[in-house]
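What the coordinates show
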Amino acid sequence: MTWRGTLPAACWEAREAPAIIPVEAESTSNGVFLATHTSIPILLRDRVDSAVGGTIVDEHNLRRAVEELPADQPIIPILGKSGTGKSHLIRWLRINLKPNDATRLIFVPKHRMSLRGILELILEHATSERAAELRAKVAAASDAAADATTAQLRLRNELAVLVETRGADKDGTPEEKDLRAFLASAEGLPALLGDPVFRRRLLADNGPIARLVREKLSGKGSEDKEDAFGFTAADLDLSVDDVSKAGVDAASVASALASDAPLRDLAAKMLNEQLGPAVSEVFGIGGDDLKQLLVELRLDLQRQGLELLLLIEDFSIFQGIQGGLIDAITLLPTETLALCPMRVVMAVTTGYFVNQMPETVYTRTYKVFDLELPADKTAPFDPARFAARYLNAVRVGSQEIDKHRTDERSEPNHCLQCPVRDKCHQAFGEVEGVGLFPFSRTALDRAIRSQSKGDAFIARDVLTRVLRPVLHRDQTELDEGRFPSTGFESDFRTGALDILDNVEDQVRLRTPGDPELSERRVRMVRFWGPGHGPQNLHPTIHEAFAIPPLPDLIAEEQTLPHQPSVQEPVRPLDGTQIPVVVDPPPPARPSPAALKPTLVQAVDEWHKTGQLVQSHRNELRKIVHTAVIGWLGLEDGFGGDSGDWTKARAEFKPSFDANTSIALDGSALQTALISIDHRNVEDVRVLRALAWVNAKESWEDVPQGDALQSLCVNRVQEWADSVSAVLLPSEGDDAELGRLAHALLSVSKALGIADSYRGDALSRVKALFAGSPKLADPVQRPHMRKLQDRFVDPKADRNLLQQRLLRLTSYRQGAGKPLAIDLPRLVRAMRDDAAEAPWPERVPEQIRKAADDIQKRTTMMDPMLDETRRLAPDVSDLGGDVAQVAQALNTLLSDLAALGQSANSINLLALHDAGKSVKPSDLKKVTDLRESLDAWPDLTVDQRLRLMNLDERPALRIRAWFDPALQAVNALELKLQAGPASEAQREYDETLQRLVAGLETLSRKVMDVAGCEGGA
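Residues numbered from 1 in each chain as written. Predicted model: local features only at pLDDT ≥ 70, side-chain atom pairs only at ≥ 80, totals over all residues. Heavy atoms only, no water.

**Let's talk about the packing of aromatic side chains**
- Evaluated as defined, the whole model comprises 15 aromatic pairs.
- Relative to Phe-437, the ring of Trp-3 lies with its centre 5.1 Å away and its plane at 50°, an arrangement referred to as tilted. Placement of the pair is Trp-3 in the segment before α1 (16–20) and Phe-437 in the loop between β9 (434–435) and α23 (441–450), with a sequence separation of 434 residues.
- A relative accessible area of 5% places Trp-3 in the buried class.
- Exposure remark for Phe-437: the relative accessible area of 1% places this residue in the buried category.
- Pairing Phe-488 with Trp-528 gives two aromatic rings, centres 5.1 Å apart and planes at 25°, and the pair type is stacked. Of this pair, Phe-488 sits in helix α25 (residues 486–492) while Trp-528 sits in helix α27 (residues 515–528), and the two are 40 residues apart along the sequence. (Phe/Tyr/Trp six-rings, centres within 6.5 Å; stacked < 30°, edge-to-face > 60°. Helix = DSSP H or I, 4+ residues; strand = E, 2+ residues; numbered from the N terminus. Buried < 20%, exposed > 50% of the residue type's maximum accessible area, 1.4 Å probe, protein only.)

Here it is as structure tokens:
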């Protein structure tokens, strides 16, 4: 059972499609032709030389114009581009013109009509003795040129002779005359035509010589264009390879033609000028013969009291002999030349008529009927009405149509006997009772649009590229439940580019587990739907195509699809047209594509076509890269610029770089860390969603944001896992990682990096790569400086272990970008229990040795202990703060100096400045250091390392004051011992004794400091 009950789903037979819609209009019977005929808007102009103005008419006006042709204006041209319906109008005239017994009609078809056939058509109506002679001449001439190869060679040779003998004899500017003389010389075009190298090019099957010979011998084929055959500038654009192999003369002219486009235009023009006489010479019959034949025929018909009606389906088939035809049809009867009246209707392309017809044709033209409407002219034409007549004819069948015409019955409507007519017409639409199934107005419009060039309606394209392929190919697809087919979508894709153009809309139309049904549903909604996104259509459309509706989608809003979108003109009995006022269309909705961010549109286009511009490709890679980095939770450039390790050095491989590690199609799909194929629906959905949120900065502003966010989270996690699996070693490397981290931490402690002594893991991780602060003074503490220098050397163990640790925890992001480091994993490695983990067997010996060496060096601290003891003085007996003692000494020396009792060797100012440089905290620091050194045996390794990184400056500042202070006290003591005693003297002596007692103690300590080799 189908939607039509026991009848097949398709209401026609596929074999009828090529019979009803052939490539050549003349192939169908008159009955089929009339059953499918639709009026086409025609622009009627009274003046040949005017491209403006005119009136919109139809074929009935054309027929009346032919019937009333005046004797002195016997020509009516039907103009238009190829496929616009010129041949159709000529045939319609043949059927509908009612010539009387006094009219002889000659119809010249455009296909399969050879030169001999054309002439024989004319000769059929000629009965005179002269006509018999011409008939014999035609037969003899055609037989002589029956061989195509011979005809081509003769035509080439004849063109060479005619160009050389006649080519320069034309009016023109002095410059053009010079160029003509060059091209017509024996070293010009004749040399080129006669050169064997260019023989293959000039005689090629698609070249003008072969095409022209083929037409004269066999007539035009359906695949041939309507324009007259002839040379073009492109035919003379010869390759350099050809030029290099040709003769000297041929090479010279070919080189000139290759480099000069205007010269090629002139050369083509000169060759075309000689085509007519060349054809006449080769085929034995030319334009003069055709003229004589027509003149003789008109004389003969005049004697019989008859007139001649000539219908020419394509004037270009007279190429080469058109001059004689033009002379014959523009020749008017005179008293001495009794010619019969002749009317001529010719279908001719606009360009040929405007550019190649002589002025005499214009003066003999009555009216011009043009099928190309200008932009300022509109006509009420309904493409659906045009298509409906062909749809009905295919359903009825050619035999039944011809039978009705033979019986003089009206054309049958196949829909009248269909059991689903009413619901079919409601769902798919109808025109004058004829249904549009399997199309609808919408589907038909989109299919036609896909095959149109611009906005022009080309009847031939609609018939041969839209109706016939669907009716012939898809009848079986429809019957077997496979419609709309992949062929349908492929043929008409460009007509619905903006409809369901994104993967999200397509996903909403999926039937899980049935991709074929899902694809058909997408096609159905794309071409038959209103274009408002995913939705269920009219139930009958779903039923007819065997595509069930989806329960979670809304149904299409019904808008009476059977009503035509453009009102048909009301045609009165006389065939004229009455203007119709058409309601203005509703305001256009903004295109869905216009509402989407540019990058989202790019993803949609990429999904459809696989095409993606490089700038969009780079942006999308960066978005994916950022999303994966965020999910991995890696520190981006951890440590800032403190060290070369942040500069993405080449040794840290492999890397995760946006441009090289993420592939969007292409050959890199197999090797990239993240591969996204435009044919993979799920990946495209994620990429599209990421582009959306990148533009909107919030999932709330993204259509279906909640669902897409969840989709992205899952897919990005998968991408991140795959990146981690390739770039970062497995968790089994944590044992090595712990040993490396703790060895580097010991180095940082030995270098005095403050973060290394902090308790939090993050600070300790920073310390692994931090630059060292100021190192120990090599003069004051040589052993400590030697240890530190070993660690800051770029070629030393610290650098080696840093590289190894980074290889286990990080990867490059690209040139110039910082490394990304797996911070959580590195923090775990900083745990205290990780320091004693056994080395994995696979760790290189060089790494083990370097780490073990560091641990050994940082625990051998005794030489550094001795240095520090000498550096730290014992200030416990100083008797007070250094600043207080210094102030008391300064006061004493100042008073003695006032009494003239001071020693000349004492520099009071220098002593004062040295005392001021000592900071209040210096004494405590030195005291604390001394106490820590006394507790050395009880300190841990970390405490010892920190102690060895003491600040040397407090002890050095104390010593800088103590040396001049001690010298001043000694000098003062000698001075006072040399003079008589007095009460004041005794008082000073007592003060001095107390001061000296304190200074002697300080002196001993300072002297100890002065004698040591360490300190800073």
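**Quick word on the pattern of salt bridges**
- Per the stated rule, a full pass over the model turns up 43 salt bridges.
- Among the ionic pairs, Asp-922 bridges to Arg-957, the shortest N-O distance being 2.7 Å. Of the two residues, Asp-922 is situated in helix α43 (residues 922–934) and Arg-957 in helix α45 (residues 953–977); the sequence distance between them amounts to 35 residues.
- Given the relative accessible area of 0%, Asp-922 is considered buried.
- Put simply, Glu-489, Glu-519, Arg-523 and Arg-526 are held in one network by salt bridges that share partners. (Salt bridge = Lys/Arg side-chain N within 4 Å of Asp/Glu carboxyl O.)

**Quick notes on the pairing of strand β6 (residues 342–348)**
- Along β6, seven of the seven residues are buried, which leaves the element largely enclosed by surrounding structure.
- Every second residue of β6 is oriented toward a common face, with Met-342, Val-344, Met-346 and Val-348 on one face and Arg-343, Val-345 and Ala-347 on the other, all of them buried.
- Where strand β3 (residues 75–79) meets β6, five bridges bridge the pair, whose relative direction is parallel. Its bridge partner being in β6, Ile-76 is matched across the sheet by Val-345.
- The pairing of strand β5 (residues 307–312) with β6 spans five bridges and is classified as parallel. Across the sheet, residue Leu-309 finds its bridge partner in β6, namely Arg-343. (Pairing = 2+ DSSP bridges.)

**Description of the nonpolar core**
- Judged by nonpolar contacts, the single largest core of 75 residues is most densely connected at Leu-155, Leu-183, Leu-257, Phe-315, Phe-318, Leu-325 and Met-346.
- When neighbours within four sequence positions are excluded, Leu-183 is seen to be in contact with Val-163, Gly-188, Leu-189, Pro-190, Val-253, Leu-257, Leu-263, Leu-266, Ala-267 and Met-270.
- Among the nonpolar cores identified, the runner-up in size contains 63 residues, and Ala-17, Phe-439, Leu-467 and Leu-553 belong to it. (Core = buried A, V, L, I, M, F, W, Y, C linked by side-chain atoms within 4.5 Å. Contact = heavy atoms within 4.5 Å.)

**Comments concerning the side chain of Arg-298**
- By the secondary structure assignment, Arg-298 is in helix α16 (residues 287–303).
- For the buried Arg-298, no salt bridge exists, and the shortest N-O distance to an oppositely charged side chain is 9.8 Å, to Glu-307.
- With residues near it in sequence (within four places) discarded, Arg-298 still touches Leu-308, Ala-328, Leu-331, Pro-333, Ala-338, Leu-339, Cys-340, Pro-341 and Met-342. (Lys, Arg positive; Asp, Glu negative; His and termini not counted.)

**Comments concerning the environment of Asp-514**
- Here Asp-514 lies in the loop between α26 (503–508) and α27.
- A distance of 3.1 Å separates a polar side-chain atom of Asp-514 from the backbone nitrogen of Leu-517. (Polar contact = N/O pair within 3.5 Å; in protein donor to acceptor, adjacent residues only side chain to side chain.)

**As for α43**
- The end-to-end C-alpha distance of α43, which contains 13 residues, comes to 19 Å, matching closely the 18 Å that a straight helix rising 1.5 Å per residue would cover.
- Within α43, burial applies to Asp-922, Leu-923, Val-926, Leu-929 and Leu-933. Within α43, the buried residues cover an arc of 130° as seen down the axis, which keeps them to one side. Turned more than 90 degrees from where α43 packs its buried face, Lys-924, Glu-931 and Asp-934 sit exposed. (Expected span 1.5 Å × (residues − 1). Arc of directions from axis to C-beta.)

**With respect to the pairing of strand β1 (residues 42–45)**
- Burial of β1 is two-sided: the residues Ile-42 and Leu-44 facing one way and the residues Leu-43 and Arg-45 facing the other way are all buried.
- Bridge count between β1 and strand β2 (residues 55–57): three bridges; the pairing is antiparallel. Bridge pairing in β2 places Leu-44 opposite Thr-55.
- Pairing of β1 with strand β7 (residues 368–370) involves three bridges; the strand directions are antiparallel. Bridge pairing links Leu-43 to Asp-370 in β7.

**Brief notes about the confidence of the model for the chain**
- Across the chain, the average pLDDT comes to 79, with 81% of residues at 70 or higher.
- Mean pLDDT across the elements of the chain bottoms out in strand β10 (residues 635–636) (48) and peaks in β9 (96).
- Of the regions scoring below 50 in pLDDT, residues 636–652 engages in 42 contacts with residues more than four places distant in sequence or in other chains. (pLDDT = per-residue confidence, 0-100.)

**Remarks on unusual backbone geometry**
- With an omega of 10°, the peptide bond between Phe-437 and Pro-438 qualifies as cis.
- That bond from Phe-483 to Pro-484 is cis: its omega, 0°, falls within 30 degrees of zero.
- Inspection of the secondary structure puts Pro-484 in the loop between α24 (459–479) and α25.

**Section: empty space enclosed by the protein**
- By the definition in use, this model includes three cavities of 30 Å³ or more.
- Considering the residues around the largest cavity, the lining is formed by Trp-3, Arg-4, Cys-11, Arg-395, His-414, Cys-415, Cys-418, Arg-421, Cys-424, His-425, Gly-435 and Phe-437.
- When residues of the lining of the largest cavity are assigned to their parent elements, the largest contribution, three residues, is made by helix α22 (residues 421–428).
- Considered class by class, the residues forming the lining of the largest cavity number six nonpolar, three polar and three charged. (1 Å grid on protein atoms, 1.4 Å probe; cavity = no way out; pocket = protein on both sides within 12 Å on 5 of 7 lines; lining within 4 Å. Points joined across faces, edges and corners; volume = space filled by probe spheres on them. Nonpolar A, V, L, I, M, F, W, Y, C, P; charged D, E, K, R; others polar.)

**Focus: the packing of helix α30 (residues 614–632) against helix α32 (residues 681–696)**
- At a closest axis distance of 10 Å, the pairing of α30 and α32 adopts a crossing angle of 90°. Viewed along their axes, α30 and α32 adopt a mutual orientation that is roughly perpendicular. Facing α30, whose interface residues are Leu-620, Ile-623, Val-624 and Ala-627, α32 presents Leu-687, Leu-690, Ala-691 and Asn-694.
- Tallied by class, residues from the contact of α30 with α32 come to seven nonpolar, one polar and no charged. (Axes fitted to C-alpha atoms, helices over the stretch in contact; angles between N-to-C directions. Parallel < 35°, antiparallel > 145°, perpendicular 65-115°, else oblique.)

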